[in-house]
Protein chains: 2
Amino acid sequence: MKVLAFDTFGTVTDWFTGISDSVRETVPGVDAASFAKDWRRRYSPILARVESGELPWRRLDDLQTETLQEVAALHDVSLDGAQARSLVRAWRTIPGWPDAADGLRRLKRDHIICALSNGTVALLTDMARHNGFPWDVVGGSDLWRHYKPARETYCGLADLLEVEPAEVMMVATHQSDLDAARSFGLRTAFIERPDEWGGDEKDDSGSPDNDYHATDLLDLARQLSRAESVAPG
Amino acid sequence: MKVLAFDTFGTVTDWFTGISDSVRETVPGVDAASFAKDWRRRYSPILARVESGELPWRRLDDLQTETLQEVAALHDVSLDGAQARSLVRAWRTIPGWPDAADGLRRLKRDHIICALSNGTVALLTDMARHNGFPWDVVGGSDLWRHYKPARETYCGLADLLEVEPAEVMMVATHQSDLDAARSFGLRTAFIERPDEWGGDEKDDSGSPDNDYHATDLLDLARQLSRAESVAPG
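My aim in this report is to walk through the structure given alongside it, one point at a time. (Residues numbered from 1 in each chain as written. Chains lettered and ligands numbered in written order. Predicted model: local features only at pLDDT ≥ 70, side-chain atom pairs only at ≥ 80, totals over all residues. Heavy atoms only, no water.)

1. Details of the packing of helix α2 (residues 32-41) of chain B against helix α3 (residues 43-51) of chain B
Residue and element names in this part refer to chain B.
- Contact geometry for α2 and α3: axes closest at 4 Å, N-to-C directions at 20°. The angle between the axes of α2 and α3 places the two elements in the roughly parallel class. Counted together, Trp39, Arg40 and Arg41 of α2 and Tyr43, Ser44 and Pro45 of α3 form the full contact between these two elements.
- Grouping the amino acids of the contact of α2 with α3 by side-chain chemistry returns three nonpolar, one polar and two charged. (Axes fitted to C-alpha atoms, helices over the stretch in contact; angles between N-to-C directions. Helix = DSSP H or I, 4+ residues; strand = E, 2+ residues; numbered from the N terminus. Parallel < 35°, antiparallel > 145°, perpendicular 65-115°, else oblique. Contact = heavy atoms within 4.5 Å. Nonpolar A, V, L, I, M, F, W, Y, C, P; charged D, E, K, R; others polar.)

2. Details of the state of the cysteines
- Enumeration according to the criterion identifies zero disulfides over all chains in this entry.
- Its sulfur unpaired, cysteine 155 of chain A is 14 Å from the next cysteine sulfur, which belongs to cysteine 114 of chain A. (Disulfide = S-S within 2.5 Å.)

3. Re the packing of aromatic side chains
Residue and element names in this part refer to chain B.
- By the definition in use, this model includes 20 aromatic pairs over all chains.
- Summarising the aromatic geometry, the rings of phenylalanine 9 and tyrosine 43 are spaced 5.9 Å apart at their centres and angled 85° between planes, so their arrangement reads as edge-to-face. Here tyrosine 43 lies in helix α3 and phenylalanine 9 lies in the loop between β1 (3-6) and α1 (15-26), a separation of 34 residues in the sequence. Each of the two residues, phenylalanine 9 as well as tyrosine 43, counts as buried.
- It is arginine 40 that lies over the ring of tyrosine 43; its NZ or CZ is 4.6 Å from the centre. (Phe/Tyr/Trp six-rings, centres within 6.5 Å; stacked < 30°, edge-to-face > 60°. Buried < 20%, exposed > 50% of the residue type's maximum accessible area, 1.4 Å probe, protein only. Lys NZ or Arg CZ within 6 Å of the ring centre and 35° of its normal.)

4. Details of helix α1 (residues 15-26) of chain A
Residue and element names in this part refer to chain A.
- With twelve residues, α1 extends 16 Å from end C-alpha to end C-alpha; this agrees with the ideal 16 Å at 1.5 Å per step.
- Along α1, the positions that sit buried rather than exposed are Trp15, Phe16, Gly18, Ile19, Ser20, Ser22, Val23 and Thr26.
- Buried-residue contacts for α1 involve α2 (32-41) and α5 (81-89). (Expected span 1.5 Å × (residues − 1).)

5. So, the relation of the copies chain B and chain A
- In the superposition of chain B on chain A (RMSD 0.0 Å, axial shift 0.0 Å), the rotation amounts to 180°. Such a combination of rotation and displacement between the chain copies is what one expects of a two-fold axis.
- In this assembly the copies share their binding face: 100% of the residues contributing to the interface of chain B also contribute to that of chain A. (Least-squares fit on C-alpha atoms with pLDDT ≥ 70 in both.)

On their own, these measurements won't tell you what the molecule is for.
Have a look at this one:
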């Protein structure tokens, strides 16, 4: 296994804290936690509409701008252009989980580490610089003009790195992402993130089909290091 | 200026030392320095044949495999498959110039730093890991299926980073690369590499049209830091 591919929103970064803080600053008086969760709930459905062909491919920021307006209406607030831009940009500076930067540095010693995210390369680059994530390769959705769980993203990354899908392990806190990755021949590691939704609503059981199940990235680094020290070769 | 885009072969790495050492180990008895230079001379012409449409797009390794056979014939040696693969792969582990890794780290503090090279993403990733180059983004030719000096590479990188071409500065030791970048709206910085061809044959004068002219990457970092500390905003 040569390459580790990481989901970013939820797996290496804490979108709930980052986005609810930004909502609190940008839209005073709104229930920021509820607003952030309502926005995040609209994320996968609109990407799925792109992948189904119902909507043309657009960058994540453009899709998030659209869902943001729906959420603002739901919360009975009206956002001006500057507020909307600021909230959409906030996804670039959401904080990493406390273990993320250090965990990635350790995992990088023996593996090529890549972001494999529905964000664009530019968004993920800003996120990496903000958090000190030492990606070898930034796999943004604009490289393939497809969104996970589309085959083009997982296999596109393997192709870009000139390896077989089985030489890539997808690392995520969302079982649906891992199930898709496995269906295309990648290996999978589940990361527990019990606070992803601010402390509730998160199923961290993970499927027994995953190759690894870890409490965080440092735990994954320990497990991989143990496994590889006993493996032949 | 937000983004610095670096040529790699010659500008951040010393292909002459890396390739002539590999030739010396892999093909004993051949004039390794001359072999390396003859191989490098065939690099730009075959890329130009791809860009002209005469050859279909292929990854750099495939093109280098072809030119390697020509050079082997010229030097009257026959290479088996393992030797050829080893020499083609040697481009992934050529050494950085002594200032490169440290210079890139300093330049990264205030700029997004990207490889913009005719190598593939996988090749450049191996080169970065071998030398400790801390790229934010690895701009390989396979992202655009075009080779410099094609417009698609320079403007493709700006587009990928969601900036205007004028917000990108191309950094290279080859004036032709900088001339092309400037023709597409990028800014340019020339880096002197007097030893690129093993101590001879290198014109390091640079055009007066370049925005910067530096003796190495540390010098460029000093010049940029000075310029930006006096610039308004």
